[in-house]
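# Architecture at a glance
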Amino acid sequence: TNNNNTNNNNTNDDASPPSRLSTFQTDLQHFLNLTTPFQTYFDSIPHVNKNRMHYPEYMDICQSRYEGLRDVLVRQGETTSEWILQEFLKSEDVVVSGEEFFRESLS
């Protein structure tokens, strides 16, 4: 019999689960019915904006003078999150990669 599932010395124990990026790449590839993986494309995109710019319109939303605005934005975010989780995701036309992570991020 095959005891790989119960063998503590299984060589696959060290295998890490796929990253969210690789899951997204694979899901997008399948969704678009593409035969070529996205890995090479996504690997070429910089992960950090190295040319950070400062704009005169910049504001620190954590400052006390923005408390009213912050409260409005938080309430709207909570309402939107609830709608996405309870209504939007139920649509047959909506496809989400990494749905468990997506749902946890909105909770």
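The structure we're discussing is the one just above.
Below or above, wherever it landed, is the structure these notes cover. (Residues numbered from 1 in each chain as written. Predicted model: local features only at pLDDT ≥ 70, side-chain atom pairs only at ≥ 80, totals over all residues. Heavy atoms only, no water.)

### Let's talk about the environment of Ser105
To keep it simple, the criterion reads: Per the convention used, a helix needs a DSSP run of H or I reaching at least four residues, while a strand needs a run of E reaching at least two, with both numbered from the N terminus. Partly exposed describes any residue whose relative accessible area lies between the buried limit of under 20% and the exposed limit of over 50%, with all areas from a 1.4 Å probe on protein chains only and scaled to the type maximum.
Summarising the element assignment, Ser105 is placed in helix H4 (residues 99–106). Residue Ser105 is classed as partly exposed on the basis of its relative accessible area of 46%. Sequence spacing of Ser105 and Ser81 is 24 residues, and the spatial spacing of their C-alpha atoms is 9.4 Å.

### Regarding unusual backbone geometry
When glycine is set aside, most residues are seen to have a negative phi, and most peptide bonds are trans. At Asn33, a position not held by glycine, the phi torsion is positive, near 55 degrees. In this structure, Asn33 sits in the loop between helix H1 (20–31) and helix H2 (39–43).

### Overview of H1
Condition: Here the expected length of a helix is defined as 1.5 Å per residue gap, with one fewer gap than residues.
A rise of 1.5 Å per residue sets the reference length of H1, with its twelve residues, at 16 Å; its end C-alpha atoms lie 16 Å apart and thus fit the reference within 8%. The positive-phi residue at the C-terminal boundary of H1 is Asn33, with phi of around 55 degrees.

### Topic: the pattern of salt bridges
When the charged atoms of two side chains with opposite charge come close together, those side chains can pair. Put simply, the test is: Every case where a carboxyl oxygen of Asp or Glu lies within 4 Å of a side-chain nitrogen of Lys or Arg is listed as a salt bridge.
Considering all chains together, one arrives at one salt bridge under this definition. The partner of Glu99 in a salt bridge is Arg103, and the shortest N-O contact between them spans 2.9 Å. Taken together, the positions of Glu99 and Arg103, both in helix H4 and four residues apart, correspond to about one turn of that helix.

### Description of a nonpolar patch on the surface
We count it as follows: Surface patches are defined over residues having more than 30% relative accessible area and no salt bridge, joining like charges when they lie within 9 Å and nonpolar side chains (Val, Leu, Ile, Met, Phe, Trp, Tyr) when within 5 Å. Here the Shrake-Rupley method, with its probe set to 1.4 Å, supplies the accessible areas, and only the displayed protein chains count as covering residues.
Taken together, the side chains of Phe31, Leu32, Leu34 and Val95 present a nonpolar region at the surface, about 390 Å² in accessible area. As for its placement among the helices and strands, Phe31 is situated in helix H1.

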